[in-house]
Structures are given as structure tokens and as C-alpha cells.
Amino acid sequence: MSEIQPAPRPVTAGRAVGLFVLYTVVFAIGGGLAAGIMAFVFEAVVGLENTDSTVYAITFGVTGFIAYRLAQRVAEG
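Here goes a summary of the coordinates provided. (Residues numbered from 1 in each chain as written. Predicted model: local features only at pLDDT ≥ 70, side-chain atom pairs only at ≥ 80, totals over all residues. Heavy atoms only, no water.)

1. Comments concerning the packing of helix H1 (residues 13-46) against helix H2 (residues 53-76)
Between two packed helices, what matters for the description is the angle formed by their axes and the separation of those axes.
So, step 1. Between H1 and H2, the least distance of the axes is 7 Å, while the angle of their chain directions is 140°. Comparing their axes, H2 and H1 come out oblique. The two elements H1 and H2 meet at a crossing, and its hand is right-handed. (Axes fitted to C-alpha atoms, helices over the stretch in contact; angles between N-to-C directions. Helix = DSSP H or I, 4+ residues; strand = E, 2+ residues; numbered from the N terminus. Parallel < 35°, antiparallel > 145°, perpendicular 65-115°, else oblique. Left-handed = near helix turned anticlockwise from the far one by under 90°.)

This is how it looks when you write it as C-alpha cells:
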């Protein structure tokens, strides 16, 4: 038997802007932290500096998206 979900709240313009700002900040912080930590660990282990930034860009995007989706779920309840 499935639970009956309550109807979602309508999104007002103010709430939409607030959520956009929240999700953007969460995306940037989550992705930035993950990419920075990965760069630090990778350079410490391998001992190379100025490595290919594509790996860090992908890490930033993926981790930022995961953080965004988690924030979205929390905000929507």
C-alpha cells in the first residue's frame, strides 16, 4: 500500500528566487569542497602540481549536482 503524499506547495516568485539562491550556493560549496579536497589528496599522493583540471571540473559538477539534489529534497520536504 502506498502512502498518500500531500499536495506540493505552490511556488511563489519569492520562494523560487530563494530556492534558486539556496541551490546555487549549495551547488558551489559542495562541488568546490569536493574538487578542492580531491586536488589536495591527488597532488599529495602523486606529487605532481598543475595536473589536468578536467578531473576536478567533473568532480565539481557531479558533487555539486548531488548536493543540489539533496538540498532540493530537504527543501521540498
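Picking up where we left off.
2. Focus: the packing of aromatic side chains
So, step 1. The full count for this structure, using the stated rule, is 3 aromatic pairs.
So, step 2. Judged by centre distance (5.5 Å) and plane angle (85°), the ring pair of Phe27 and Phe60 falls under edge-to-face. Note that Phe27 is positioned in helix H1 and Phe60 in helix H2, a separation of 33 residues in sequence.
So, step 3. Note on Phe27: relative accessible area 28%, which makes it partly exposed.
So, step 4. Among the aromatic residues, those joined into a ring-pair cluster are Tyr23, Phe65 and Tyr68. (Phe/Tyr/Trp six-rings, centres within 6.5 Å; stacked < 30°, edge-to-face > 60°. Buried < 20%, exposed > 50% of the residue type's maximum accessible area, 1.4 Å probe, protein only.)

3. Things to note about the side chain of Gln72
So, step 1. Relative to the elements of secondary structure, Gln72 occurs in helix H2.
So, step 2. Side chain to side chain, Gln72 and Arg69 meet in a polar contact 2.5 Å long. (Polar contact = N/O pair within 3.5 Å; in protein donor to acceptor, adjacent residues only side chain to side chain.)

4. Remarks on a nonpolar patch on the surface
So, step 1. Taken together, the side chains of Val17, Phe20, Val21, Val25, Ile29, Leu33, Ile37, Phe40, Val41, Phe42, Val45 and Val46 present a nonpolar region at the surface, about 1200 Å² in accessible area.
So, step 2. Examined against the element boundaries, Val45 turns out to sit in helix H1. (Patch = residues over 30% accessible without salt bridge, like charges linked within 9 Å, V, L, I, M, F, W, Y side chains within 5 Å. Areas by Shrake-Rupley, 256 points an atom, 1.4 Å probe, with all protein chains shown as cover. Salt bridge = Lys/Arg side-chain N within 4 Å of Asp/Glu carboxyl O.)

5. Details of H1
So, step 1. Over its 34 residues, H1 extends 48 Å from the first C-alpha to the last, a length consistent with the 50 Å expected when each residue adds 1.5 Å.
So, step 2. Regarding H1, the residues found buried are Leu19, Tyr23, Gly30, Gly31, Ala34, Ala35 and Ala39.
So, step 3. Buried residues along H1 sit in contact with H2.
So, step 4. After H1 finishes, the residue Gly47 shows a positive phi value of roughly 85°. (Expected span 1.5 Å × (residues − 1). Contact = heavy atoms within 4.5 Å.)

So, to be careful, I would describe these as geometric facts and stop short of saying anything about function.
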